[in-house]
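# Remarks on the overall topology
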Amino acid sequence: MAQNMTDNSRVLIFDTTLRDGEQSPGATMTHDEKLEIAQLLDDMGVDVIEAGFPIASEGDFEAVSDIAKNARNSVICGLSRANYKDIDRCWEAVRHAKRPRIHTFIGTSPLHRGITNLDQDEMIARIHETVTHARNLCEDVQWSAMDAIRTERDYLCRVVETAIKAGATTINIPDTVGYTLPQESADIIAMLLEKVPGADQVIFATHCHNDLGMATANALAAVSAGARQIECTINGLGERAGNTALEEVVMAIKVRKDLMPFTTRIDTTKIMGISRRVSQVSGFPVQFNKAIVGKNAFLHESGIHQDGVLKNVETFEIMKPADIGITETNIAMGKHSGRAALRSKLQDLGFELADNQLNDVFVRFKALADRKKEIYDDDLIALMSDSAANTDTDYLQVKWLRVVCGSDGQEAELKMLVDNVEKSAKCEGDGPVDAVFNCVKTIYPTTARLKLYQVHAVTEGTDAQATVSVRMEEDGRIVTGSAADTDTILASVKAYVGALNRLRVRSQKTAPDADVKSISYKL
Ligand code: KIV
Ligand code: ZN
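## Some remarks on the domain arrangement of the protein chain
By a frequent convention, interface size equals the accessible area lost on bringing the separate parts together. Domain parsing of the protein chain yields domain 1 (12-282), domain 2 (328-389) and domain 3 (396-509). On a C-alpha basis, the centres of domain 1 and domain 2 stand 37 Å from each other. In total, about 490 Å² of surface goes out of reach between domain 1 and domain 2, with carbon and sulfur atoms giving 49% of it. In this assembly, domain 1 and domain 2 are joined by zero salt bridges. Here domain 1 is connected to domain 2 by zero residue pairs in polar contact (both at pLDDT 80 or more). Classifying every residue of the side of domain 1 that touches domain 2 by side-chain character gives no nonpolar, two polar and two charged.

Listed below in structure tokens is the structure:
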């Protein structure tokens, strides 16, 4: 199992939040958000960042190439199908990196061979040709056998051998549909290491999806059997039920050193900050009981647990909150708290702000403090999310709102800026939210459809802020918008308008059929 690395206990962390994660419906990030997330991943010690799928759209290409230009330590990787055009475009984007990687893939299972219309031998030839081409461009080439788990074992050995002979340096064995179980995940890696000539010269990677809730277990089982690269995403973001969660595999390796004698380069104290940021920019809230980064992951509600933890923290805690960067005290801030206190509190919560950003957040903080007596950590996290999602440079901005509601009916009056021109509308609706959304549609007619509308109370009490997330779809593009406010209706309209801004940006950047989510699986 030596696999091309001197330290056989090192497990490489390959993060694909910006590619597989961003592929989940609604998780679109802007160019600047992608750059920011890439920098956070680089800072936390991620070995390889899969920054996007350069052929998929102009926007993806630009994001990958800008991330490549800015990366400091991480290898920057782009995805490409098994054809020259994809591979050349990928190389054009990643070649700016200090350490570039081309990742090329093809579906090897009978089902996927059917889609690509290649028989076994034709596919072998295609793999040889495309990996050789990639290797002529770049020294670091990763090859993936998409749907490897459902590929006939003998054929899997043949395709892997072909890719190694053609020069691939990393071989990825994806469980594309989240179908495998830990024992099988381990057996396949062990089989490949044992049977495939040259297997000891490459690094084997595991890439698991979470359809059966097994992604973390399957990835760790593959590592136990000899894989030395885990492909994962922050918060387990990804298509359908998501990918292996970075924070889970990294903390499992750290906490269970006795059973998993491996190391990663991840600075685990950065986990919470990046988890919050990815949740904000993707619009995907983290479920309360999510392992490691969920709001309740370190909460002890029952009397027995609280008593135990107070006497000896190890009674019910297998890791410390500080290990993942939680230093919050949950002491309330209020309207008398100053700028320095706010900055220090936000730093504790994992937000590093430049002076101009702090000024903007401070104004919003004071406005919130005027309406809400005590401001808790969760209020500040919601406030940060809101200030990132809704800014005063947006094309559409909510300026003023009045809603009359009661048993006699609902009516809303709204003033908005559309490209800096003030417009207003007065509409009725089936409830206050419907009335105010009707105003937006009157001011800014659109074919976008609302797919999801969700409200959460940030803290307890009737003065709590509400965070509202909406998901909208237009021409096959799906985006999310979110906002927070003590006024639920105001938060709703800001989230709705935020989603419309995102749709507008995306429609300018990509033709519908050039979008990564609709790119076809053709060669
Ligand atoms: O799940 C998968 O098979 C993938 C490949 C493109 C690596 O994401
Ligand atoms: Zn995947």
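## Here we look at the site of ligand 1
Around ligand 1, a shell composed of Arg-19, Asp-20, His-103, Phe-105, Ser-144, Met-146, Asn-172, Pro-174, Thr-176, His-207 and His-209 is seen. Between an oxygen atom of ligand 1 and a side-chain N or O atom of His-209, the distance comes to 3.0 Å. Relative to its unbound accessible surface of 260 Å², ligand 1 loses 95% to contact with the protein. Those elements giving two or more residues to the shell around ligand 1 turn out to be helix 1 (17-21), strand 4 (100-107), strand 5 (141-146) and strand 6 (170-175). A class-by-class count of the residues in the shell around ligand 1 yields three nonpolar, six polar and two charged.

## Re the coordination of the zinc ion (ligand 2)
Protein coordination at the zinc ion (ligand 2) comes from Asp-20 (OD), His-207 (NE2) and His-209 (NE2), with a distance range of 2.0 to 2.1 Å. All donor residues of the zinc ion (ligand 2) come from one chain, and their arrangement in sequence is D-x186-H-x1-H. In this pair, Asp-20 sits in helix 1 while His-207 sits in strand 7 (residues 203-208), placing the two residues 187 residues apart along the sequence. Residue class for Asp-20 comes out buried when judged on its relative accessible area of 3%. Judged by its relative accessible area of 5%, His-207 falls in the buried class.

## Some thoughts on the nonpolar core
In summary, soluble globular proteins display a tendency toward joint burial of nonpolar side chains. Counting 91 residues, the largest nonpolar core has Trp-143, Val-160, Ile-171, Leu-192, Phe-204 and Ile-230 as its most contacted members. Residue contributions to this core peak at seven residues, all from helix 7 (residues 153-165). Beyond its immediate chain neighbours, meaning those up to four positions away, Val-160 contacts Trp-143, Ile-171, Ile-173, Leu-192, Val-196 and Phe-204. Core analysis: the next-biggest nonpolar cluster, separate from the first, contains 31 residues, Phe-437, Cys-439, Val-440 and Ala-448 among them.

## What to know about the pattern of salt bridges
Using the criterion set out here, one finds 32 salt bridges in the structure. Put simply, Arg-502 and Glu-33 hold a salt bridge, and the shortest N to O gap is 2.8 Å. Here the residue Arg-502 occupies a position in helix 17 (residues 488-509), and Glu-33 occupies one in helix 2 (residues 31-44), the gap between them amounting to 469 residues. Linking Glu-248 and Lys-290 is a salt bridge whose minimum nitrogen-to-oxygen distance equals 2.5 Å. Pair noted here: Glu-248 is in helix 10 (residues 246-255) and Lys-290 is in the loop between helix 11 (271-282) and helix 12 (303-311), with a separation of 42 residues, a long-range link. Lys-290 carries the same exposure label as Glu-248, and that label is buried. Salt bridges here are not isolated pairs; linked through shared partners, they connect Arg-10, Asp-47 and Arg-265.

What counts as what
- Residues numbered from 1 in each chain as written.
- Chains lettered and ligands numbered in written order.
- Predicted model: local features only at pLDDT ≥ 70, side-chain atom pairs only at ≥ 80, totals over all residues.
- Heavy atoms only, no water.
- Domains from an automatic or database assignment.
- Buried area = accessible area lost by both parts, 1.4 Å probe.
- Salt bridge = Lys/Arg side-chain N within 4 Å of Asp/Glu carboxyl O.
- Polar contact = N/O pair within 3.5 Å; in protein donor to acceptor, adjacent residues only side chain to side chain.
- Nonpolar A, V, L, I, M, F, W, Y, C, P; charged D, E, K, R; others polar.
- Near = heavy atom within 4 Å.
- Areas by Shrake-Rupley, 256 points an atom, 1.4 Å probe, with all protein chains shown as cover.
- Helix = DSSP H or I, 4+ residues; strand = E, 2+ residues; numbered from the N terminus.
- Donors = N, O, S within 2.8 Å, 3.2 Å for Na, K, Ca; no water.
- Buried < 20%, exposed > 50% of the residue type's maximum accessible area, 1.4 Å probe, protein only.
- Core = buried A, V, L, I, M, F, W, Y, C linked by side-chain atoms within 4.5 Å.
- Contact = heavy atoms within 4.5 Å.

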